[in-house]
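# Results of the structural survey
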Amino acid sequence: MKKDLVLVVGASGMVGSELSRLLKEQGYSVRATTSKPVKEDSSSLVHVDLATGEGITKAFEGVDKAFFLSPPGYADQYAMLSPLVQEAKRRGLKKVVLMTAMGANASEDTPFRRVEIELEKSGLAYNIIRPNWFLQNFNTFWIQGIREQGKILLPAGNAKVSFIDARDISAVAAKLLTSDEFNNKDFDLTGSDSVDHAQVAAAISQATGKTITYQEIKPEELKAGLLAAGLPKDYTDFLLLIMGFLREGYSARTTDNVKMITGKAPHTLAAYAQDYKASWL
């Protein structure tokens, strides 16, 4: 029996690339979208620009199921994701898995929550996954301070965070896309433990043999750095807003959803640091 064709939006990112690998491993066909220009659209790779809507219709041709996420850099996630939900509904997909963010359902009028509601009311079989802050942020977004100064530089206070490994998000998404066991449910995804940024610095130190420390900075300093790195002002403000919630302790809660869905415990902080140590050397 022919297995489903699964559309993976953001397939070149951390979650999407691993999800694509897991699906292919199980014999599923994957159509990946990329915002980068491609020489020629094929059945497996299609150029889609979510900011303009270019390529969306073509991406859905012959697709059975889909995974959606909003690309980083855009504060209005609803504008990015709603056209995907509408197209999925128009084509009557068997299943949609939407990734937003932990805390997205705290208010009914945030961009993420608005698209969640749209999916919930679509009549499609769905799952919504809301991951907490990624461990992988330390080897991507926050890597410069670690490499150049041996410091994690963030306005995070001493707050604990139940960081999640992006690989665990991919494993959850793969399970939800290939099973109807959890249909029409939403899940907050976290690691098993809640740790502060000093503990993350200690784990990176342990893995690399370098001395890494956490230094709290003012929100304005982070803002200046993000703007200097070329991030749009509205997205920078969005990041500072959610960093403020982190600092207040809203990101500390843990759930056991990763283990319940995949059957495996989430990656530990120590395992993450060991697996990614080459990033900081």
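Anything mentioned here points back to the structure above.
A few points on the structure. What you see is a predicted model, and the numbers here were worked out from it, not measured in a lab.

What counts, and at which threshold
- Residues numbered from 1 in each chain as written.
- Predicted model: local features only at pLDDT ≥ 70, side-chain atom pairs only at ≥ 80, totals over all residues.
- Heavy atoms only, no water.
- Core = buried A, V, L, I, M, F, W, Y, C linked by side-chain atoms within 4.5 Å.
- Buried < 20%, exposed > 50% of the residue type's maximum accessible area, 1.4 Å probe, protein only.
- Contact = heavy atoms within 4.5 Å.
- Helix = DSSP H or I, 4+ residues; strand = E, 2+ residues; numbered from the N terminus.
- Polar contact = N/O pair within 3.5 Å; in protein donor to acceptor, adjacent residues only side chain to side chain.
- Patch = residues over 30% accessible without salt bridge, like charges linked within 9 Å, V, L, I, M, F, W, Y side chains within 5 Å.
- Areas by Shrake-Rupley, 256 points an atom, 1.4 Å probe, with all protein chains shown as cover.
- Salt bridge = Lys/Arg side-chain N within 4 Å of Asp/Glu carboxyl O.
- Phe/Tyr/Trp six-rings, centres within 6.5 Å; stacked < 30°, edge-to-face > 60°.
- Lys NZ or Arg CZ within 6 Å of the ring centre and 35° of its normal.
- Pairing = 2+ DSSP bridges.
- Axes fitted to C-alpha atoms, helices over the stretch in contact; angles between N-to-C directions.
- Expected span 1.5 Å × (residues − 1).
- Arc of directions from axis to C-beta.

## Considering the nonpolar core
One finds F138 and I152 to be the most contacted residues of the largest nonpolar core, which totals 32 residues. Apart from residues lying up to four places away in sequence, I152 is in contact with F138, I146, H197, V200, A201, I204, I212, T213, Y214 and Q215. Grouped together as the second largest cluster of nonpolar side chains are 29 residues, V15, Y28, I164 and F187 included.

## Observations regarding the environment of E118
Considering the arrangement of structural elements, one finds E118 in helix α4 (residues 111-120). Since its relative accessible area comes to 17%, E118 is described here as buried. Look past the residues within four positions of E118 in its chain and what remains in contact with it is Y78, S82, V85 and Q86. At 2.7 Å, the side chain of E118 forms a polar contact with the side chain of S82.

## A look at a nonpolar patch on the surface
On the surface, a cluster of nonpolar side chains totalling about 360 Å² of accessible area is made up of L241, F245 and Y250. Along the chain, F245 turns up in helix α9 (residues 233-247). For F245, a relative accessible area of 41% translates into the label partly exposed.

## Here we look at the packing of aromatic side chains
Applying the stated criterion to the full structure yields eight aromatic pairs. Aromatic pair F141 and W142: ring centres 6.0 Å apart, planes at 45°, arrangement tilted. Assessed through its relative accessible area of 11%, W142 is described here as buried. Centroid distance Y235 to F238: 5.9 Å. Interplanar angle 35°. Geometry classified as tilted. Residue Y235 and its partner F238 are located together in helix α9, separated by three residues, close to a single helical turn. The exposure class of F238 is partly exposed, given its relative accessible area of 21%. Three or more aromatic residues link up through ring pairs in this structure, and these residues are Y272, Y276 and W280. Taking NZ or CZ as reference, R114 lies 3.9 Å from the ring centre of Y78, over its face.

## Points about the sheet that holds strand β2 (residues 29-34)
Strand order in the open sheet made by the seven strands is β3-β2-β1-β4-β5-β6-β8, with parallel pairing throughout. Since the sheet does not close on itself, it has two edges, and those belong to β3 (45-47) and β8 (185-189), each with one partner. When the angles between neighbouring strand axes are averaged without regard to direction, this sheet yields 15°. The sheet contact formed by strand β5 (residues 95-99) and strand β6 (residues 126-131) spans four bridges and is parallel. Residue pairing across strands places V97 opposite N127, the latter belonging to β6. Here helix α3 (residues 77-91) sits on the sheet in contact with β4 (65-68) and β5, set at roughly 170° to β4. The sheet strands contacting helix α6 (residues 166-177) are β1 (5-8), β4, β5, β6 and β8, and the helix crosses β6 at an angle near 170°.

## Observations concerning α9
Spanning 15 residues, α9 covers 21 Å between terminal C-alpha atoms, matching the ideal 21 Å at 1.5 Å per step. Y235, T236, L239, L240, M243 and L246 are the residues of α9 that are buried. Buried residues of α9, viewed axially, fall in a sector of 140°; they line one side. In this fold, the buried residues of α9 make contact with β7 (151-154), α7 (197-208) and α8 (219-228). One or two residues past the end of α9 sits G249, with phi positive at roughly 100°.

## Describing the pattern of salt bridges
One pass over the full model with this rule turns up 18 salt bridges. Across the pair D4 and K94 runs a salt bridge, and its minimum N-O distance is 2.6 Å. Of this pair, D4 sits in the segment before β1 while K94 sits in the loop between α3 and β5, placing them 90 residues apart in sequence. Two residues, R21 and E25, come together in a salt bridge whose shortest N-O distance is 2.8 Å. Taken together, the positions of R21 and E25, both in helix α1 (residues 14-25) and four residues apart, correspond to about one turn of that helix. According to the relative accessible area criterion, R21 is partly exposed, its value standing at 40%. Each member of the salt-bridge network shares a partner with another, and the members are E108, R113, E116, E120, R130, D186, D188 and R253.

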